[in-house]
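# What the coordinates show
Residue-level listing of the chains:
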Amino acid sequence: PRGDHIAMADQLPGLLDQVQYSNKSRVLDDCLQLSEMKSLSPKIDMLVKNDGSENQLMCLDGTIPMYYNQKKYNCPVRIWFCLDYPKSPPICYVTPTRDMGIKPRHVHVDSAGFIYHQYLTQWNDSSSLKELVATLTNVFSREPPVYAKSSSSAGARLTSSSSNGLQAQPPARPVPSNPQVKPPVEHLVSSQPNERRHEDSYFAQMPGHSSMPPAVSSEPSRPHNDEHVSGNRNSTEEESRLTLVAMTFSKIEDKYDRFRRENDSEFDAYQLKQKDMDITYQKLHDYKIRLAQERDRLLKMLEEMDVAEKAIDRVQEDLQTGSQEPVENTLKCHDAMADQLLQAVCHDKAIEDTLYELDKALDDSKIDTHAYLKIVHKLSREQFFQKELINKILARRKQLGVY
């Protein structure tokens, strides 16, 4: 821990008052679950996103444990809490000191130190910060994300010094990746950019252990006997094997990226087709509804035609049997409006026939012009009113949906 550590429970309430979190109690509870980890301490700092926006947020700064080759090490991290936490997952970074570097092509840490893992991408209200730290400890124990820069080999490999002299171990082996989708990387800007970080602040060395997982030195020691020669040969074979594995891993990753890009474009095409199919289905559904309505209307008209046909058959039977029932009694209307329409149409047709007969009488000089004009004027005026009445009745029946 750095300096005199102040209890996290005493710091948190004052820090949380400086940031407008939507669920301060949840942030407080999750942080208190990690209070036994003295290596993490809360602080307020600025988080700058890729779009240039800045947010003043609270974070846990310090180290988390990891176990490499049965030894315990401390990995420097910084865990940020978004304003809508826990709806949004925390933003996690590995923050190496100037004497450390981030392992290239790490499965869960990019070159900027951003941590991405399935636990973060599947974050929900039931997730917890304690489980996240335990998950990162397990992941980093299998493959450490940082290494100590070596001054003798230009930082290409890790070296570790102890009281017994130089210790060398093979670097962490490449792990076949099943990469998660990377969220946008957000870069950190410290509120005090000139503050010098000391290595022991982030890599507190455990008793009897070195501060970082050691790695193979870039220059193998000179052989002094057969055992050294055999060891050098084994080391060379191991390096060749690791190189082949790294090349294979790179090819697999390139093929996966190409496969994913191809599948993404194909998936977009399927989405467009699905959208077109949804639109077409909705149109067909609307057509089906309209066709059903038209079918019901036609069935009703067929029923009315059947009734009318039966009435006509009865009239024909009565005529054949010599029945003297008046013709107007054979037509029966269903309502008063229909009866009024029938009377108006009959009156109009009667006037039209009368005018036709008057024209013939005038041509045959059976009626004088003065009497013809007088009668035609009267009948035309009556016919006009009957036609207006017919149009009004038809418009009203159409408005009521009666045909």
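Residues numbered from 1 in each chain as written. Predicted model: local features only at pLDDT ≥ 70, side-chain atom pairs only at ≥ 80, totals over all residues. Heavy atoms only, no water.

### Regarding the pattern of salt bridges
Applying the stated criterion across every chain yields a total of eleven salt bridges. For the salt bridge of Arg297 with Glu294, the shortest nitrogen-to-oxygen distance reads 2.7 Å. Of this pair, Arg297 and Glu294 both sit in helix H6 (residues 226-320), three residues apart, which is roughly one turn of the helix. (Salt bridge = Lys/Arg side-chain N within 4 Å of Asp/Glu carboxyl O. Helix = DSSP H or I, 4+ residues; strand = E, 2+ residues; numbered from the N terminus.)

### Points about the pairing of strand E4 (residues 91-94)
If a strand is regular, its side chains alternate between the two faces of the sheet. Residues of E4 alternate between two faces, with Ile91 and Tyr93 on one and Cys92 and Val94 on the opposite face, all of them buried. For strand E3 (residues 71-80) and E4, the ladder comprises four bridges, and the chain directions are antiparallel. Residue Ile79 lies in a different strand from E4, and its bridge partner there is Cys92. (Buried < 20%, exposed > 50% of the residue type's maximum accessible area, 1.4 Å probe, protein only. Pairing = 2+ DSSP bridges.)

### Considering the nonpolar core
Within the largest apolar cluster, 47 residues are counted, with the highest numbers of intra-cluster contacts made by Met58, Ile64, Phe81 and Phe140. Within the residue set of this core, elements represented by two or more residues are helix H1 (8-16), helix H2 (24-32), strand E1 (40-48), strand E2 (54-68), E3, E4, helix H3 (118-121) and helix H4 (129-142). Sorting elements by how many residues they give to this core places E2 first, with seven residues. In this view, Phe140 contacts Ile64, Met66, Cys75, Val94, His106, Val109, Ile115 and Pro145; residues no more than four positions away in its chain are not counted. Counting residues in hydrophobic clusters, the runner-up holds eight residues, among them Leu355, Ile367, Tyr372 and Val376. (Core = buried A, V, L, I, M, F, W, Y, C linked by side-chain atoms within 4.5 Å. Contact = heavy atoms within 4.5 Å.)

### Topic: the packing of aromatic side chains
The tally for this structure, following the rule as stated, stands at five aromatic pairs. Ring geometry for Tyr93 versus Phe114: centroids 5.4 Å apart, planes at 85°, classification edge-to-face. On the criterion of sequence distance, the pair formed by Tyr93 in strand E4 and Phe114 in the loop between strand E5 (100-102) and H3 is long-range, its members being 21 residues apart. You can call Phe114 buried: its relative accessible area is 7%. Feature note: the residues Phe81, Tyr85, Tyr119 and Trp123 constitute an aromatic cluster, connected by ring pairs. (Phe/Tyr/Trp six-rings, centres within 6.5 Å; stacked < 30°, edge-to-face > 60°.)

### Concerning the side chain of Arg78
Within the secondary structure, Arg78 is located in strand E3. On the basis of relative accessible area, Arg78 is assigned to the buried category, the value being 2%. Within the structure, the side chain of Arg78 is placed 3.2 Å from the side chain of Asp61, a separation counted as a polar contact. (Polar contact = N/O pair within 3.5 Å; in protein donor to acceptor, adjacent residues only side chain to side chain.)

### Here's the deal with the environment of Cys82
Looking at the secondary structure, you find Cys82 in the loop between E3 and E4. Residue Cys82 is classed as buried on the basis of its relative accessible area of 15%. Separated by 27 residues in the primary sequence, Cys82 and Asn55 place their C-alpha atoms 8.9 Å from one another. Ignoring sequence-local partners within four residues, the contact set of Cys82 consists of Tyr21, Leu57, Ser88, Pro89 and Ile91.

### Section: the packing of helix H7 (residues 336-363) against helix H8 (residues 369-400)
Between H7 and H8, whose axes approach to 9 Å, the crossing angle comes to 155°. By the angle between their axes, H7 is roughly antiparallel relative to H8. The way H7 lies across H8 gives a crossing that is left-handed. Partitioning the contact of H7 with H8 into residue classes produces 18 nonpolar, seven polar and seven charged. (Axes fitted to C-alpha atoms, helices over the stretch in contact; angles between N-to-C directions. Parallel < 35°, antiparallel > 145°, perpendicular 65-115°, else oblique. Left-handed = near helix turned anticlockwise from the far one by under 90°. Nonpolar A, V, L, I, M, F, W, Y, C, P; charged D, E, K, R; others polar.)

### Observations regarding a positive patch on the surface
Judged by side-chain charge, Lys251, Lys255, Arg258 and Arg261 come together as a positively charged surface patch. Relative to the elements of secondary structure, Arg258 occurs in helix H6. (Patch = residues over 30% accessible without salt bridge, like charges linked within 9 Å, V, L, I, M, F, W, Y side chains within 5 Å. Areas by Shrake-Rupley, 256 points an atom, 1.4 Å probe, with all protein chains shown as cover. Lys, Arg positive; Asp, Glu negative; His and termini not counted. Charge placed at Lys NZ, Arg CZ, Asp CG, Glu CD.)

### Some remarks on the packing of H1 against H2
Helix packing for two helices is described by the angle between their axes and how far apart those axes are. Packing of H1 against H2 leaves a shortest axis separation of 10 Å and a crossing angle of 155°. Taken together, H1 and H2 sit at an angle that is classed as roughly antiparallel. The handedness of the crossing between H1 and H2 comes out as right-handed. The segment H1 lies against H2, with Met8, Ala9, Leu12 and Leu16 engaging Lys24, Val27, Leu28, Cys31 and Leu32. Considering only residue class, the contact of H1 with H2 consists of eight nonpolar, no polar and one charged.

### A look at the confidence of the model for the protein
Averaged over the protein, the pLDDT score is 76; the fraction of residues at 70 or greater is 75%. Every residue in residues 152-211 is under pLDDT 50, and counting partners more than four places away or in other chains gives 134 contacts. The low-confidence segment residues 213-224 (pLDDT under 50) makes 28 contacts with residues lying over four places distant or belonging to another chain. (pLDDT = per-residue confidence, 0-100.)

### Let's talk about the pairing of E3
Among the ten residues in E3, nine count as buried, and that is most of the element. When E2 meets E3, the two strands line up antiparallel, connected through ten bridges. Its bridge partner lying in E3, Asp61 is registered against Arg78. In sequence, E2 turns back onto E3 through a hairpin of two residues, with Asn69 there showing a positive phi of about 55°.

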